[in-house]
Amino acid sequence: MNGVVNTAADMAPIHSPSIAYVALLPMLIMLGVACAGVLIEAFTSRATRMLIQAPLAMAGCVAALITVIVIRNKHVATAAGAVAIDGPTLFLEGSLAVLGLISILLVAERKVDAGGSALVSQAALAVGSSRDRAQATATRVQTEAYPLITFALSGMMLFPASNNLLLMFVSLEVLSLPLYLLTGLARRRRLLSQEAAVKYFLLGAFASAFFLYGLAMLYGYAGTVNLHGIFAASSGTNKGDSLLLLGFGLLVVGLLFKGSVAPFHTWTPDVYQGAPTPITGFMAACTKVAAFGAMLRVFYVAFGSTSWDWRPIMWGVAIISMLVGAIFGLTQTDVKRLLAYSSIAHAGFLLVGVMSLSPAGLSSTMFYLLTYAFATLGAFGVVTLVRTSTGEATHLSQWAGLAKRSPLLAGVFTIFLLSFAGVPLTAGFIGKFVIFRAGIDAGLGTLVVIALVASAIAAFFYLRIVVLMYFSDPPEDGPTVAVPGWPTQVALAVTAAATIFLGIFPQSILDVADKAAHFVS
């Protein structure tokens, strides 16, 4: 007994880690809003939920953005070094707050519905006629989408901030599980939506398993799951690298899956097509930002010293993603699937910045993510407005002559398509210019040439839609353009203005990205 007591007495006490709560405020705000949304959903009436949930989620995004601006100079590794609040984290958190706010505006405009029946504006519930309110009440408004979105945003903010692979896995699950549920919320095309949700869930589970196995192998190699510890273990040692490279490969599969990078992209077209369109925009924009933010931290912080070992593999992945997105996009006849393959091609372009392993590559990738996300949210916002009696008109033939029916909407959609194509005076052109320049400076000239070829191929199917809208006659039984409420008007105005502004006056955001391009040590 005395021996046991003495042994216990000699053990070092366990100290709880110091946590910088102020630095974590953006994530804590989003998580708090999500929890409050769940309680509101559980304990209030339907009318109360419809009035409170959307403003609460918007207020959370605004508060998170303000907090990011206030703590922009606070760079610290907290929670025993597991969470890094530094320039890239704050830039990506601010981007996600803005993009999340725009996504919530698109969802708030209409009940989440993939099929696209004419949906009741939230404003009608508050100020509309008794008939409007009765119609709205008779139709179930899916207010549960708002806490799910804010939960996903909290995970997305933590994902690129994770300096520890175990915490990164937890944040990956926090952002993924709400997305699986959101994908299946459609009510018109319910079978298609639920099929997409199941496919997303099953493939996402496999990707998470790969990530977890890679984490275990890296722990076996380095004796730690901390990114700086993995870097130290792999630098200047005589250890065998097979376990390191195998763990890296499995880990990256999970990250590439979330980033819609080929050949781990098979879920993307089906999920983009089946999910409710506002949710598709949210996934396409915000998940891309979070996934590539996490990739930047993993590649730059943990594996920068072993780039000669993994770069050739990532070269092949980037080329496959560019070509798959560009070539298969040519064959698509559904606008949502076309935008899905566009996302796959852009993922390949983003890998150029990830592989650059330089401050210029880091800043250009963050800028590219922001420009791509604005154009993507705006494009899917436009898709929600082109409708037939049975739902959204997503077949390309239905978009013929759209400029004659609604010149303004066709013009806005053209702005986003030209940005995807990288046409000058749009944000997409500046994004491609800076990320390709960083790739050339890092010795990736051949990869940049391939990216330019893929970009030229992809430009064809973007411009095909422009020609279809402006130079084709509208069909007699063609779709109508729904009159957007103020949430969609604000969302489209902000995304279109940002796409043009960042194409003409990009320097202010480029300077912010340059100043933020440093990971905390």
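Below, the structure is looked at part by part.

Rules of the game
- Residues numbered from 1 in each chain as written.
- Predicted model: local features only at pLDDT ≥ 70, side-chain atom pairs only at ≥ 80, totals over all residues.
- Heavy atoms only, no water.
- Helix = DSSP H or I, 4+ residues; strand = E, 2+ residues; numbered from the N terminus.
- Buried < 20%, exposed > 50% of the residue type's maximum accessible area, 1.4 Å probe, protein only.
- Areas by Shrake-Rupley, 256 points an atom, 1.4 Å probe, with all protein chains shown as cover.
- Phe/Tyr/Trp six-rings, centres within 6.5 Å; stacked < 30°, edge-to-face > 60°.
- Expected span 1.5 Å × (residues − 1).
- Patch = residues over 30% accessible without salt bridge, like charges linked within 9 Å, V, L, I, M, F, W, Y side chains within 5 Å.
- Salt bridge = Lys/Arg side-chain N within 4 Å of Asp/Glu carboxyl O.
- Axes fitted to C-alpha atoms, helices over the stretch in contact; angles between N-to-C directions.
- Left-handed = near helix turned anticlockwise from the far one by under 90°.
- Contact = heavy atoms within 4.5 Å.
- Nonpolar A, V, L, I, M, F, W, Y, C, P; charged D, E, K, R; others polar.
- Polar contact = N/O pair within 3.5 Å; in protein donor to acceptor, adjacent residues only side chain to side chain.
- Pairing = 2+ DSSP bridges.

To continue, consider the overall build of the protein. Of regular secondary structure, the protein possesses 22 helices and five strands. Buried residues in the protein amount to 58% of all 521 residues. Within the structure as shown, the protein displays about 19,800 Å² of accessible surface, and the carbon and sulfur contribution to it stands at 69%.

We now examine the packing of aromatic side chains. Applying the stated criterion across every chain yields a total of 21 aromatic pairs. Their ring planes at 10° and their centres at 4.6 Å tell us that tyrosine 200 and tryptophan 267 sit as a pair that is stacked. Here tryptophan 267 lies in helix H12 (residues 267-274) and tyrosine 200 lies in helix H9 (residues 190-222), a separation of 67 residues in the sequence. Given the relative accessible area of 2%, tryptophan 267 is considered buried. Chaining the aromatic ring pairs together yields one cluster made of Tyr180, Tyr200, Phe201, Phe257, Trp267, Tyr272 and Phe380.

This paragraph deals with helix H11 (residues 242-258). Here H11 spans 25 Å end to end across 17 residues, near enough to the 24 Å set by a 1.5 Å rise per residue. The element H11 is largely enclosed, with a buried count of twelve among its 17 residues. Within H11 the residues assigned to the buried category are Leu244, Gly247, Phe248, Leu250, Leu251, Val252, Val253, Gly254, Leu255, Leu256, Phe257 and Lys258. Serine 260 sits one or two positions beyond H11 and adopts a positive phi of about 55°.

A cluster of nonpolar side chains, namely Ile19, Tyr21, Val22, Leu25 and Leu28, defines an oily patch on the protein surface of about 430 Å² accessible area. Its place among the elements puts isoleucine 19 in the loop between helix H1 (2-10) and helix H2 (25-43).

All right, on to the packing of helix H16 (residues 359-383) against helix H18 (residues 407-421) then. Closest axis-to-axis distance for the H16/H18 pair is 9 Å, and the angle between their directions is 145°. Considering the relative orientation of H16 and H18, their crossing is left-handed. Only Leu409, Val412, Phe413, Phe416, Ser419 and Phe420 of H18 make contact with H16, whose side of the interface consists of Tyr372, Phe374, Ala375, Thr376, Gly378, Ala379 and Val382. Here the residues of the contact of H16 with H18 sort into ten nonpolar, three polar and no charged.

To continue, consider the side chain of arginine 387. Locating arginine 387 in the fold gives a position in strand E3 (residues 386-388). For arginine 387, a relative accessible area of 5% puts it in the buried group. Reaching out from arginine 387, the side chain makes a polar contact with the backbone oxygen of threonine 384 at a distance of 2.3 Å.

What follows is about the pattern of salt bridges. What the rule picks out here adds up to five salt bridges. Glutamate 41 is paired through a salt bridge with arginine 49; the nearest N and O atoms lie 3.2 Å apart. Residue classification places arginine 49 among the buried residues on the basis of a relative accessible area of 16%. We note a salt bridge from arginine 297 to aspartate 86, for which the minimum N-O separation is 2.9 Å. Residue arginine 297 is found in helix H13 (residues 277-302), and its partner aspartate 86 is found in the loop between strand E2 (83-85) and helix H4 (87-109); the two are separated by 211 residues along the sequence. Among the residues examined, arginine 297 registers a relative accessible area of 0% and is labelled buried. Exposure remark for aspartate 86: the relative accessible area of 0% places this residue in the buried category.

Moving on, we come to the sheet that holds strand E5 (residues 480-481). Overall, antiparallel pairing links the three strands, which are arranged E4-E3-E5 in an open sheet. The open sheet is flanked by strand E4 (391-392) and E5, the only strands paired with a single partner. Where E3 lies against E4, two bridges are found, and the strand directions are antiparallel. If you follow arginine 387 over to E4, its bridge partner there is glutamate 392.

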